[in-house]
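Results of the structural survey
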Amino acid sequence: IVPPVWAPDSTRILHLSNADWQVLPVPGGAPPTPTGLMSNLRQRKMMTPNTAVVQWLPKDELLIATQHGDSFDLWRIPLAQAAAADPRPVTRGDANFIASASAANNRFAYDSIHSVISLWSLPVDLNVGKVTGPMRAIISDVAGGVHAALSADGTTLVYSSSRYGPQGIWLQ
């Protein structure tokens, strides 16, 4: 559920419908005006289930939290050009999700969630269920390693990682 967003002057509300974000006048009466933002973000491959307009800024700009590539960042876009304009980056980073953001007096604050997926090795004697050595990090960075599988003889590990660009298969 995406909460509605107030215009700075409190005369309009931005609301997410099934098809697009719409501007609704307050106290109502006039029909909603679609923004075209959702279609614009889809074309740019920036529309995800977690995309949200987090604040309506002065001068009718929208502050958007969305994913582009591997990171989730804040972007600005003019409301009047939401259907076609390039969103401008406000943050650049490796966030996996931006939970909230707020702007006032030419400053803004936001919280972001970062995660690191790591692969670890732990030697064990499976016959007796006993650890036989220390745990060792195989990979522990923002690119991470997932979907690990050992060969039948236990000597080779295969996993997926994006450590040097696109997701790839690694052997160790």
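Presented here is an overview of the structure given in this document. (Residues numbered from 1 in each chain as written. Predicted model: local features only at pLDDT ≥ 70, side-chain atom pairs only at ≥ 80, totals over all residues. Heavy atoms only, no water.)

Here 4 strands make up an open sheet; going across it, the order is S5-S6-S7-S8 and the pairing antiparallel. Among the strands making up the open sheet, the edge pair consists of strand S5 (52-57) and strand S8 (88-89). Summarising the sheet, strand S7 (residues 71-78) and S8 pair through 2 bridges and their orientation is antiparallel. Along S8, the bridge assignment pairs Trp75 with Pro89. (Pairing = 2+ DSSP bridges. Helix = DSSP H or I, 4+ residues; strand = E, 2+ residues; numbered from the N terminus.)

With that settled, consider the pairing of S7. Looking along a regular strand, one sees the side chains alternate between the two faces of the sheet. Burial runs high along S7: 6 of the 8 residues are buried. As paired strands, strand S6 (residues 61-68) and S7 are joined by 8 bridges and run antiparallel to one another. Along S7, the bridge assignment pairs Gln67 with Phe72. Here S6 hands over to S7 after 2 residues, with Gly69 in that stretch at a positive phi of 75 degrees. (Buried < 20%, exposed > 50% of the residue type's maximum accessible area, 1.4 Å probe, protein only.)

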